[in-house]
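Observations on chain architecture
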Amino acid sequence: MRIIHLLRSLLSCGMIVSLLFFLAACGDNSGGGGGGGGSGTDSPAGTGGTSQQASGEESVKLTFGLWGAADQVAATQKLIDIFMEKHPNIKVETVYKDWGNYWTWITAQAASKELPDVYKMSFAYVDQYARLGAMRPLDDFIASSGFDLSDFEQATLDYHKFEGKQVSLPRDSNTMVMYYNKDLFDQAGIPYPDKETTWTELLPILKKLTIDKNGNMADSPNFDPKNIVQWGIMANPSSLGDSVLEPQLHSNGATLTDENGRITLDTPEAKEVLQFFKDLIVTHHVSTNSDTIASLGGIDILAFNSGKVAMSFGGSWNATDYNAANINFGTILPPKFKEVKTVAQPAGYAMSPFTKNEQAAWTLLSWLIGPEGQSEMARMNDGIPASKIAQKVYLEDGDPNKQTFIDAQKYQISAPWYDGKTKLIWEILIQKLPGLFDGTQDMDKTIREIAELAGR
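Residues numbered from 1 in each chain as written. Predicted model: local features only at pLDDT ≥ 70, side-chain atom pairs only at ≥ 80, totals over all residues. Heavy atoms only, no water.

1. Concerning the sheet that holds strand 1 (residues 60–67)
What counts is decided by this rule: A strand pair is defined by DSSP finding two or more bridges across the two strands. Segments assigned H or I by DSSP are reported as helices when at least four residues long, segments assigned E as strands when at least two residues long, and all are numbered from the N terminus. Note on method: axes are straight lines fitted to C-alpha atoms, helices fitted across the in-contact stretch only, with angles between N-to-C directions ranging 0 to 180 degrees. Any two residues whose heavy atoms approach within 4.5 Å at even a single point are treated as in contact.
Taken in spatial order, the 5 strands make up an open sheet running 2-1-3-13-6, and their pairing is mixed. Only two strands of the sheet have a single partner each, and these edge strands are strand 2 (90–97) and strand 6 (168–170). Going from strand to strand, the sheet's axes swing by 25° on average, the running direction of each strand aside. Here strand 6 pairs with strand 13 (residues 348–351) via 3 bridges, running antiparallel. Counted as the bridge partner of Ser-168 is Ala-350 from strand 13. Here helix 4 (residues 99–111) sits on the sheet and contacts strand 1, strand 2 and strand 3 (118–121); the angle it forms with strand 1, its principal contact strand, is near 130°. The strands touched by helix 14 (residues 358–369) within the sheet are strand 1, strand 2, strand 3, strand 6 and strand 13, with strand 13 carrying the most contacts at an inclination of about 175°.

2. Re the confidence of the model for the protein
Stated formally: A residue's pLDDT is the predictor's confidence in that residue, given on a scale from 0 to 100.
For the protein, mean pLDDT is 88; residues scoring 70 or higher make up 87% of the total. The low-confidence segment residues 43–55, where pLDDT is below 50, has 40 contacts with residues more than four positions distant or belonging to other chains.

3. Regarding the pairing of strand 9 (residues 228–234)
This is how it is decided: Throughout, exposure labels follow a simple rule: accessible area from a 1.4 Å probe, protein chains only, divided by the maximum for the residue type, with under 20% read as buried, over 50% as exposed, and the rest as partly exposed.
In terms of burial, strand 9 is a largely internal element, 6 of the 7 residues being buried. For strand 8 (residues 211–212) and strand 9, the ladder comprises 2 bridges, and the chain directions are antiparallel. When the sheet's bridge partners are listed, Ile-211 is paired in strand 9 with Gln-230. Here 3 bridges tie strand 9 to strand 10 (residues 309–315), and the two strands are oriented parallel to one another. The residue of strand 10 that forms the bridge with Trp-231 is Val-309.

4. A look at the packing of helix 18 (residues 421–437) against helix 19 (residues 443–454)
A pair of packed helices can be characterised by two numbers: the angle between their axes and the separation between those axes. Test applied: For this classification, under 35 degrees means roughly parallel, over 145 means roughly antiparallel, 65 to 115 means roughly perpendicular, and everything else is oblique. A clockwise turn of the near helix away from the far one marks a right-handed crossing, whereas an anticlockwise turn of less than a right angle marks a left-handed crossing. Each residue receives one of three labels: charged for Asp, Glu, Lys and Arg, nonpolar for Ala, Val, Leu, Ile, Met, Phe, Trp, Tyr, Cys and Pro, and polar for the others, Gly being one of them.
For the pair helix 18 and helix 19, the least separation of the axes is 10 Å and the interaxial angle reads 160°. Comparing the axis directions of helix 18 and helix 19 gives the class roughly antiparallel. Crossing angle aside, the handedness with which helix 18 passes helix 19 is right-handed. Each of Lys-423, Leu-424, Ile-428, Leu-429, Gln-431, Lys-432, Leu-433 and Leu-436 in helix 18 lies in contact with helix 19, whose residues at this interface are Met-443, Thr-446, Glu-449, Ile-450, Leu-453 and Ala-454. Among the residues forming the contact of helix 18 with helix 19, the class breakdown is 9 nonpolar, 2 polar and 3 charged.

Encoded structure:
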């Protein structure tokens with residue numbers, strides 16, 4: 001799923017989007033065909049061709065674009081093959097890229113009006129590409145076909161809206177939860193945490209799970225905070241502004257920004273949250289600081305792989321990483337201040353506004369997003385379905401952690417991305433929050449600097 005440094009590198013991609021569209025506007029305006037991969041497609045994985053107008057049972061050819069690792073691409077290709085078996089007059093060419101190259105490609109294809117007929121869209125880039133006219137609104141198709149939006153959580157749908165219009169639809173709904181290392185709890189003789197808990201209830205437990213080199217726990221007067229060998233938790237939100245800090249602010253009745261994008265970290269409720277996470281590191285010594293994260297591999301949510309962290313925020317997708325590291329883990333909902341709050345990160349599918357085969361493109365998109373396509377996706381274990389009907393298939397193996405991932409969707413905040421949020425989350429907060437949480441930067445000064453850099 002999302003890795004911070006890859007996403008942050010995409011800012012440079014966003015900066016060239018407007019230029020590419022401008023250059024396209026200055027070029028040939030003869031109409032340009034949608035649905036073609038153009039010279040930018042270099043990894044076809046399906047039955048291919050260029051678009052042509054459907055007439056009755058006449059064969060229609062579509063292109064479908066996505067990012068993903070080899071296993072994800074293979075799973076999606078199986079879905080496309082199933083779709084084509086059910087719709088023999090629609091042939092689909094699958095074109096895939098790695099995450100880093102995908103957005104450069106989509107930007108170029110949009111500028112030349114040769115977007116794939118249907119293509120994968122990240123929740124974080126809906127605003128950017130919809131604002132540039134690269135996504136066809138789907139509301140008319142949804143209404144005319146009777147597509148059931150009640151099968152999705154409203155907050156999940158909201159991530160794929162632009163100015164009130166449904167410009168894409170969610171294929172999955174990956175959530176942030178709290179993982180715990182069962183072996184470390186067992187070694188300490190501590191019962192596993194309740195599925196729903198408060199930070200007040202959890203803090204004494206974290207102190208008993210934080211141990212120095214002499215075996216002293218963090219609640220011992222002999223504890224040495226300079227020589228910690230096991231940490232109670234990874235709860236450093238410095239580079240997890242959207243997935244940890246923002247929902248935790250909501251948990252305490254605060255927000256990261258208001259509806260106009262103005263920074264709202266200066267409220268008492270927001271400052272209480274910031275102070276708490278700072279205290280976990282600086283005062284209670286139970287949470288990993290920036291230096292510790294670097295020593296444990298450099299990626300915050302993967303510090304849990306080390307076996308030296310008892311609890312950690314993590315995405316549902318990180319279960320694969322933790323299993324690969326042979327961590328015996330369980331999951332609970334994110335701890336709360338006042339209310340349980342988390343965030344979903346739903347990828348979706350969009351339709352090209354330049355496609356020559358709108359009806360066929362909608363047939364493909366709605367099948368992939370609908371309960372039939374998402375149920376097939378669930379059987380392949382390729383993400384958490386956004387469809388409530390398909391989620392029943394996802395849960396058939398009885399894995400209790402999967403139930404936590406599903407339950408977390410009910411507590412997701414509605415926090416769609418807007419122009420400027422990418423920079424705020426992946427540049428400004430990453431630059432300014434480490435000093436605050438490590439205790440080297442004044443809180444009020446940090447908040448002022450964040451607001452100034454965000455221009456809000």
